[in-house]
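Fold and contact review
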Amino acid sequence: MFDNLTNRLSRVMKTIRGEARLTEANTQEMLREVRLALLEADVSLPVVREFVARVKEKALGEEVAGSLSPGQALVGVVHEELTALMGGDLGAQASELSLATQPPAIILMAGLQGAGKTTTTGKLAKLINAGDLLQNGRKAGRKKVLVVSADVYRPAAIEQLKTVAAQVGVDFFPSDISQKPRDIALAAIDHAKRHHYDVLLVDTAGRLGIDEAMMAEISMLHEVLKPIETLFVVDAMQGQDAVNVAKAFSEALPLTGVVMTKLDGDARGGAALSVRHITGKPLKFIGVSEKLDGLEAFHPERMAQRVLG
Ligand code: GDP
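Residues numbered from 1 in each chain as written. Predicted model: local features only at pLDDT ≥ 70, side-chain atom pairs only at ≥ 80, totals over all residues. Heavy atoms only, no water.

As annotated in an unreviewed UniProt entry, the protein carries the name Signal recognition particle protein and comes from Advenella mandrilli. One UniProt comment on the protein, placed under Subunit (unreviewed entry), says "Part of the signal recognition particle protein translocation system, which is composed of SRP and FtsY. SRP is a ribonucleoprotein composed of Ffh and a 4.5S RNA molecule." Quoted straight from UniProt, the Sequence similarities (unreviewed entry) entry for the protein says "Belongs to the GTP-binding SRP family. SRP54 subfamily." (UniProt positions renumbered as here; feature names shortened; annotations may be inferred.)

Encoded structure:
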């Protein structure tokens, strides 16, 4: 992921770092290269435009022009802006999940069919159960986790979650396609409370596209469950479409964050760079493998560092 972008940007940064003087010409050249690299990585055009405009404004400002090593200062500006673009402006804790509520902390998973919702539910359950979830920068410690599927349209989806739960060693609350999603949600909360679960992860039905019935159902589930986290799971391979679907969902549902899956299959990574800007929601996790340990917390600062080399 981000392979080309990393190659191109790190080359540009190396050149600019070595510049003893920043002229109008070499600054423009650098901005042009950054712009091309971002576009080639499939970052949305409005995102690229605004990013370049912000870097340019700072590049011409006192902070850079008046610096003893302007090249170095300019690289610092690009790093700062890239971090902000990916959600760093929301603060370090924005990329973490919050479990700070009366247990069970409920996490609602939303997304289109095939996005990777069930797999991600399993991955998150594993991470939380193992105690590896970060809270205020520290590992949260082991939690008792329950998962449930409210997907009453595909019996295979419920079975899939059951299998995944067994694989990661967390408890599965059975549901059935004859039930109403609302009743499943209520029964799962009741069970979680009575058996002292810390966290309840709710997998939901996805459709092939955004449709009103799905939106109404997930909104109803949101009302019943009152989740502390509502995560939108989206497939990075869909590129800019992924970002548009995430935007539509974030307008219909109070999302707390986005999980982008299949970044292992998307060398360009543009969707991951655009999603914060377009949806206003932080990217919290990225899926980097089909395997159930293939989930990484997304850290804007570290990712910017990695991309700039
Ligand atoms: P759902 O319909 O949204 O629940 O999607 P699934 O969880 O069933 O995932 C759809 C497909 O994507 C499955 O074959 C998963 O193994 C695969 N998948 C999910 N996340 C990732 C990921 O991060 N990387 C890769 N390579 N495959 C993934």
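When the UniProt feature table is mapped to this numbering, "domain: SRP54-type proteins GTP-binding" (unreviewed entry) covers residues 282–295. Across residues 282–295, the secondary structure splits into 0% helix and 43% strand, with the terminal C-alpha atoms separated by 16 Å. (Helix = DSSP H or I, 4+ residues; strand = E, 2+ residues; numbered from the N terminus.)

Turning our eyes to something else, we now look at the side chain of threonine 279. Its place among the elements puts threonine 279 in helix α11 (residues 270–279). Its relative accessible area of 11% is what places threonine 279 among the buried residues. In this structure the side chain of threonine 279 is engaged in a polar contact, spanning 2.7 Å, whose partner is the backbone oxygen of valine 275. Separated by 3.0 Å, the side chain of threonine 279 and the backbone nitrogen of lysine 281 make a polar contact. Those residues within four positions of threonine 279 in sequence are excluded, and the remaining contacts are Val243, Ala246, Lys247 and Ser250. (Buried < 20%, exposed > 50% of the residue type's maximum accessible area, 1.4 Å probe, protein only. Polar contact = N/O pair within 3.5 Å; in protein donor to acceptor, adjacent residues only side chain to side chain. Contact = heavy atoms within 4.5 Å.)

All buried positions along helix α12 (residues 300–308) are accounted for by Pro300, Met303, Ala304, Val307 and Leu308. End-on, the buried residues of α12 take up no more than an arc of 125 degrees, which puts them together on one face. The inward-facing, buried residues of α12 contact α1 (3–17), α5 (70–85) and β9 (283–287). Following α12 by one or two positions, glycine 309 has its phi on the positive side, about 70 degrees. (Arc of directions from axis to C-beta.)

Structurally, threonine 230 is set in strand β7 (residues 229–235). A distance of 3.4 Å separates the side chain of threonine 230 from the side chain of histidine 222, its partner in a polar contact. Setting aside anything within four residues of it in sequence, one finds threonine 230 in contact with Leu108, His222, Leu253, Pro254, Leu255, Thr256 and Gly257.

A few words now on the packing of α1 against α12. Their axes nearest at 7 Å, the elements α1 and α12 cross at an angle of 75 degrees. Between α1 and α12, the angle falls in the class roughly perpendicular. Contact residues: α1 offers Leu5, Thr6, Leu9, Ser10 and Met13, while α12 offers Arg306, Val307 and Leu308. Class assignment of the residues belonging to the contact of α1 with α12 gives a composition of 5 nonpolar, 2 polar and 1 charged. (Axes fitted to C-alpha atoms, helices over the stretch in contact; angles between N-to-C directions. Parallel < 35°, antiparallel > 145°, perpendicular 65-115°, else oblique. Nonpolar A, V, L, I, M, F, W, Y, C, P; charged D, E, K, R; others polar.)

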